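# Structural overview
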Amino acid sequence: MNCYITDLHEKEVINLCDGARLGNVCDVEVDTCSGCLVSIIIYGKGKCFGLLGRERDIKISWKEIKVIGDDTILVDIKLPDRDGRNSGGLFDSLLKNGHNT
């Protein structure tokens, strides 16, 4: 199945690691020597209507893309927490919040 780069802009990106909606593809990175798509980029969300800048962009390598469907792209990435650590998904967040026994 072929897909145009412009078609990627319409697809929502979902992280399989925690089920989070990351946003839509805003840009792509292409290796100009090989012509291969290297990564997709999701621009960070605006803070306070964009007046205070925006969050960090999310760069997802081609290896982390699991499925490209009709409406969504499923990826498996570990995003850093606000303090810079990698998040471990739902179970780690439950443990961090004191729900363990």
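Before going into details, it helps to say that this report is about the structure given with it. Fair warning: this is a prediction, and the values are worked out from it, not measured in the lab.

### A short note on the nonpolar core
- Ranked by internal contacts, the top residues of the largest apolar core, which has 13 residues, are Val13, Leu22, Val25, Ile40, Ile60, Ile73 and Val75.
- Among the secondary structure elements, those contributing two or more residues to this core are strand S4 (37–42), strand S5 (58–61) and strand S7 (72–75).
- The residues touching Val75, leaving out its near neighbours within four places in the chain, are Val13, Ile14, Asn15, Leu16, Cys17, Leu22, Ile60, Glu64, Ile65 and Lys66.

### Looking at the sheet that holds strand S6 (residues 65–68)
- Here four strands make up an open sheet; going across it, the order is S2-S1-S7-S6 and the pairing mixed. On the outer flanks of this sheet lie strand S2 (21–24) and S6, each paired with one strand and no other. For this sheet, the mean angle separating the axes of adjacent strands, direction not counted, is 20°.
- Bridge analysis of strand S1 (residues 12–15) against S7 gives four bridges, and the strand direction is parallel. Note on S7: the bridge partner recorded for Ile14 is Leu74.

How each quantity is defined
Residues numbered from 1 in each chain as written. Predicted model: local features only at pLDDT ≥ 70, side-chain atom pairs only at ≥ 80, totals over all residues. Heavy atoms only, no water. Core = buried A, V, L, I, M, F, W, Y, C linked by side-chain atoms within 4.5 Å. Buried < 20%, exposed > 50% of the residue type's maximum accessible area, 1.4 Å probe, protein only. Helix = DSSP H or I, 4+ residues; strand = E, 2+ residues; numbered from the N terminus. Contact = heavy atoms within 4.5 Å. Pairing = 2+ DSSP bridges. Axes fitted to C-alpha atoms, helices over the stretch in contact; angles between N-to-C directions.

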